[in-house]
Amino acid sequence: MNWDDTRVFLAVQRERTLRRAAKVVGLDQATVGRRIAALEHALGATLFFRASDGYALTSAGESVLRAAEKMEQSAHELVRQAHGVDKRLAGEVRVTTTDTLAIAFVIPAIARLHAEHPDVRVQLSTSTQMLNLTRREADIAIRTQKPERSDLVARRLARWPVGLYATQTYLRCHGEPERGTAFMGHDLVLYQPFLSSNKAATLVGEPIHAGRIVAGVHSSLMLRAMIHANIGMGEVPVHMGERDGLVRVWPELSRASAYEVWLVTHQDLRHTARVRAMIDAIVASFEADD
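Source: prediction; values computed, not measured. (Residues numbered from 1 in each chain as written. Predicted model: local features only at pLDDT ≥ 70, side-chain atom pairs only at ≥ 80, totals over all residues. Heavy atoms only, no water.)

Undergrad: How would you summarise the sheet that holds strand S5 (residues 140-143) if you had to cite specific residues and measurements?
TA: The strand order across the open sheet formed by five strands is S4-S3-S5-S14-S6, and the pairing between neighbours is mixed. Looking at strand neighbours, the two that pair on one side only are strand S4 (120-126) and strand S6 (152-160), the edges of this open sheet. Each neighbouring strand pair of the sheet contributes to a mean axis angle of 20 degrees, computed without reference to strand direction. Taken together, the eight bridges between S6 and strand S14 (residues 259-266) define a ladder with antiparallel strand orientation. Across the sheet, arginine 156 pairs through a bridge with tryptophan 262, a residue of S14. Against the sheet, helix H10 (residues 273-288) touches strand S3 (91-97), S4, S5, S6 and S14, its axis set at about 15 degrees to S6. (Pairing = 2+ DSSP bridges. Helix = DSSP H or I, 4+ residues; strand = E, 2+ residues; numbered from the N terminus. Axes fitted to C-alpha atoms, helices over the stretch in contact; angles between N-to-C directions. Contact = heavy atoms within 4.5 Å.)

Undergrad: How would you explain the packing of helix H1 (residues 3-15) against helix H3 (residues 29-43) if you had to name every residue and give the values?
TA: Two elements in contact, H1 and H3, have axes separated by 10 Å at closest approach and are oriented at 110 degrees. The pairing of H1 with H3 is recorded here as roughly perpendicular in orientation. Residues Asp4, Asp5, Val8, Phe9 and Val12 of H1 lie in contact with H3, whose contacting residues are Val32, Arg35, Ile36 and Leu39. Residues that form the contact of H1 with H3 fall into these classes: six nonpolar, no polar and three charged. (Parallel < 35°, antiparallel > 145°, perpendicular 65-115°, else oblique. Nonpolar A, V, L, I, M, F, W, Y, C, P; charged D, E, K, R; others polar.)

Structure, rendered in structure tokens:
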């Protein structure tokens, strides 16, 4: 079983369809199907059940999966270590972050990097999805949570309190909410994952059950846009609320947990010249905004 076959096998296992797996490995769907059939023939075992909802591993496939993941880990480690000693200020750096942090900090950092090192090319992915640095889905991640893995190196870039914000127009129309009324008579916009959790929803510690939830969103950029559109009040990191010119309601109150920003990379890549240059530009972007 060679590495090319392993890549195809893992793509089908993770994506569950030949079409999606083909996109991951850069082959056409028919070729992926032939590669899986040839692999099963070579191993003398059926690796997948073909069901209406996609491909699922057989017991033999489960055994192969463990070996395939070890092979993948070794392959990625080889690439990371080779890149880790690369001293060239050229080539591609893959950065993943949220749309909010990309607009405010990472794009200015890319502009700074390009001015100093024009042969470094940045691939920027903006999503709340956590890409896997160990699998080299990205070289640098700007995240709002500190990772726990020992092979990742994390540096905190910012720690901002989170306050309650609205526009002046909204407050003229609705007035300021009264403490202890659970936002009775007020419209609210919330971060959807927070709203979907099992915890009782609050805004800066105030229960929201008497308020009207107008919208739930999946990014802080969309939440701030909702507030700007006078749709309702919502929680925003104080730094961003001030940048946006929003009005802080109950300025003496903050959310219990602060909004933290972490820069994360794999320990094998942090000394690669182009990765190091991108890290330095991102750090400088945050420092310039203090």
